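# Coordinate inspection notes
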Amino acid sequence: MPEVTISSELRDFLLVGTHTAKLATVRANGRPHVVPVWFVLDGDEIIFTTGENTVKGASLRRDPRLAICVDDEAPPFSFAMIEGVVAFSEEPGDLLYWATRIAGRYMGAEKAEAYGKRNGVPGELLARVKVTKVTFQRNVAD
């Protein structure tokens, strides 16, 4: 599947505040699994971390396809539904760098280093999502 470029309007929406992404995967037995994840962007890729032994980690290693929903729960309501394919890295320097960036977004600069060190360790995976499809709607209630 071809990669999709994230528009500047979508980028602004995804990076405003601390909206979490709701990550959907499929377990080996076919059951769905949806969890919130903290994320940042690197160009047109969505970056998050996960434990290698979590349901999402195991599911995505088996099948790298995923869906992510990010929504604004305040009127007039907006959302982005993103499909993509994930690739994992366990490279310690990259993992620590991105875990710290993600922590800074959600916990603030003063706690970024501590959370980065907590989440940038062996057993954690750095996930890079190549976006293949986007549905983005602003101001749904207008």
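A brief look at the structure comes next. (Residues numbered from 1 in each chain as written. Predicted model: local features only at pLDDT ≥ 70, side-chain atom pairs only at ≥ 80, totals over all residues. Heavy atoms only, no water.)

A word on the pairing of strand S6 (residues 78–89). Along any regular strand, the residues point their side chains to alternate faces of the sheet. By the bridge criterion, eight bridges tie strand S5 (residues 65–72) to S6 in an arrangement that is antiparallel. Residue pairing across strands places Val-70 opposite Ala-80, the latter belonging to S6. Remark: five residues form the turn of the hairpin made by S5 and S6, two consecutive strands paired antiparallel; Phe-77 in that turn has positive phi of roughly 70°. (Pairing = 2+ DSSP bridges. Helix = DSSP H or I, 4+ residues; strand = E, 2+ residues; numbered from the N terminus.)

Attention now goes to the pattern of salt bridges. All chains considered together, the criterion is met by nine salt bridges. Between Asp-42 and Arg-128 there is a salt bridge; the shortest N-O distance is 2.9 Å. One end of the pair, Asp-42, is in strand S3 (residues 40–42); the other, Arg-128, is in strand S7 (residues 124–137), with 86 residues separating them in the sequence. Judged by relative accessible area, which is 30%, Asp-42 ranks as partly exposed. For Arg-128, a relative accessible area of 24% puts it in the partly exposed group. With a closest N to O distance of 3.0 Å, Glu-90 and Arg-61 form a salt bridge. Here Glu-90 is found in the loop between S6 and helix H3 (92–107), whereas its partner Arg-61 is found in helix H2 (residues 55–62), with 29 residues between them in sequence. The class of Glu-90 is partly exposed, set by a relative accessible area of 46%. (Salt bridge = Lys/Arg side-chain N within 4 Å of Asp/Glu carboxyl O. Buried < 20%, exposed > 50% of the residue type's maximum accessible area, 1.4 Å probe, protein only.)

Gaps left between atoms are located by rolling a probe of water-molecule size over the structure's atoms. The computed volume of the largest pocket comes to approximately 200 Å³. Taken together, 14 residues make up the lining of the largest pocket; nearest its centre are Trp-38, Thr-49, Ile-102, Arg-118 and Asn-119. Only strand S2 (32–37), strand S4 (45–51), H3 and helix H4 (109–119) provide two or more residues apiece to the lining of the largest pocket. Across the lining of the largest pocket, the residue classes tally to six nonpolar, five polar and three charged. (1 Å grid on protein atoms, 1.4 Å probe; cavity = no way out; pocket = protein on both sides within 12 Å on 5 of 7 lines; lining within 4 Å. Points joined across faces, edges and corners; volume = space filled by probe spheres on them. Nonpolar A, V, L, I, M, F, W, Y, C, P; charged D, E, K, R; others polar.)

Purely spatial values, then, with no claim about function.
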